[in-house]
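As a plain string of letters, each chain reads:
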Amino acid sequence: MDKEAVKKRIEELRALLHYHNYRYYVLDQPEISDAEYDRMLRELISLEQQYPEFITPDSPSQRVGGEVAKEFREVAHLKPMYSLDNAFGPEDLKEFDRRVRSLLPGQEVEYEVELKIDGLAISLVYENGVLVRGATRGNGTTGEDITANVKTIKAIPLKLRNPIPLLEVRGEAYMPKESFARLNEQREERGEPLFANPRNAAAGSLRQLDPKVTAERDLSAFMYAIGEVQGYEPKTQAELMEWLSELGFKVNPYREVFNNIDDVINYCQSWHEKRFSLPYVIDGLVIKVNSLAQQEALGFTAKSPRWAIAYKFPAEIAETRLKDIIVR
Ligand SMILES: NC(=O)c1c(N)nc(OC2CCCC2)nc1O[C@@H]1CCC[C@@H]1O
């Protein structure tokens, strides 16, 4: 092939690999076999090795970086990443609703409710649709630069399906329950210390100085908020989630909009048992005022938004304690 033809083939392979990565890791609906995907990736890597001048940072071949970092650089978030106040039961949710409505007198209020993924909060920055930076939440103002590690997470697009000038998107990196069980089995066989839970395993896997180790840990990520953005003005949280999904991000499918807190409470309580059948761990649900204009009006306290709250499940009564109580 002449140089032009190679350039064309490389671009064709990149588009195909981005698309099939999206189908498999974001939509969970693969269209081709792993073998076919790997064949295309091997062809791309060999063409890029022959013509390194054609390599771009968003090429699928660039997911697993080469060098091992010495330490993590500290980076400043373009906008602060807040934590959430907690609600431990229906009464707390009713109190939250009263407070929100008292601050929005005479206004209709809708709540958008999402599952609360129990992982590690991350921030991703895309410039002209290309992933340029990944960071941990850290203290909310600055985090650790883990760009090389987030690039190994296949659910995280290296390139958006339609580019916009600037986007800082936030989400939760997590380790599926299956991957967690397999990882601990491996560590047990090697006599290594086990991870206590998938959240610790995800955090430990992302804060690795060697991206090759992160790449083996089968991490995924659900995105759920934006920080800085240029080129898009969503009206509601529900619309924002749809838009993130169209851009190519993995967005959790279990989300509902309600116009009263009693329906929110019923929905939260319906997940007490259902959550155990999910392939990932959730530690509650997140309730957000749906209108972004109302979120703006409500603002933030020093550490968390007035327009969102986390509903936490009641602590699980361990089987033994329950039996013990009954026996007594
Ligand atoms: N863990 C989650 O699934 C989750 C979510 N679904 N939605 C949000 O919304 C943010 C937006 C503004 C404040 C909270 N945050 C989440 O987790 C964060 C990470 C750090 C504090 C919260 O747990």
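Our subject in this report is the structure included herewith.

Criteria and cut-off values
- Residues numbered from 1 in each chain as written.
- Predicted model: local features only at pLDDT ≥ 70, side-chain atom pairs only at ≥ 80, totals over all residues.
- Heavy atoms only, no water.
- Axes fitted to C-alpha atoms, helices over the stretch in contact; angles between N-to-C directions.
- Helix = DSSP H or I, 4+ residues; strand = E, 2+ residues; numbered from the N terminus.
- Left-handed = near helix turned anticlockwise from the far one by under 90°.
- Contact = heavy atoms within 4.5 Å.
- Nonpolar A, V, L, I, M, F, W, Y, C, P; charged D, E, K, R; others polar.
- Buried < 20%, exposed > 50% of the residue type's maximum accessible area, 1.4 Å probe, protein only.
- Near = heavy atom within 4 Å.
- Polar contact = N/O pair within 3.5 Å; in protein donor to acceptor, adjacent residues only side chain to side chain.
- Areas by Shrake-Rupley, 256 points an atom, 1.4 Å probe, with all protein chains shown as cover.

Attention now goes to the packing of helix 1 (residues 3–26) against helix 2 (residues 34–50). Where helix 1 contacts helix 2, the two axes come as close as 10 Å, and the packing angle between them is 145°. Taken as a pair, helix 1 and helix 2 cross one another with a handedness that is left-handed. For the pair helix 1 and helix 2, the contacting residues are Val6, Arg9, Ile10, Leu13, Arg14, Leu16, Leu17, His20, Asn21 and Tyr24 in the first and Asp34, Tyr37, Arg39, Met40, Leu41, Glu43, Leu44, Leu47 and Glu48 in the second. Of the residues in the contact of helix 1 with helix 2, the class split is 11 nonpolar, 2 polar and 6 charged.

A positive phi is found at aspartate 28, a non-glycine position, where the angle reads about 55°. Its place among the elements puts aspartate 28 in the loop between helix 1 and helix 2. One non-glycine residue with positive phi stands out, namely aspartate 218, at about 55°. Among the secondary structure elements, aspartate 218 is positioned in the loop between helix 7 (211–215) and strand 8 (220–230). Judged by its relative accessible area of 36%, aspartate 218 falls in the partly exposed class.

So, about the site of the ligand. Around the ligand sit 15 residues in total, of which Glu114, Lys116, Ile117, Glu172 and Lys288 are the nearest. In the model, an oxygen atom of the ligand is placed 2.8 Å from a nitrogen or oxygen of the isoleucine 117 main chain. Contact between the ligand and glutamate 172: a nitrogen atom at 3.3 Å from a side-chain N or O atom of the residue. Within the complex, the protein chains bury 88% of what would otherwise be the 490 Å² of accessible surface of the ligand. Looking at the shell around the ligand residue by residue, the class counts come to 9 nonpolar, 1 polar and 5 charged.

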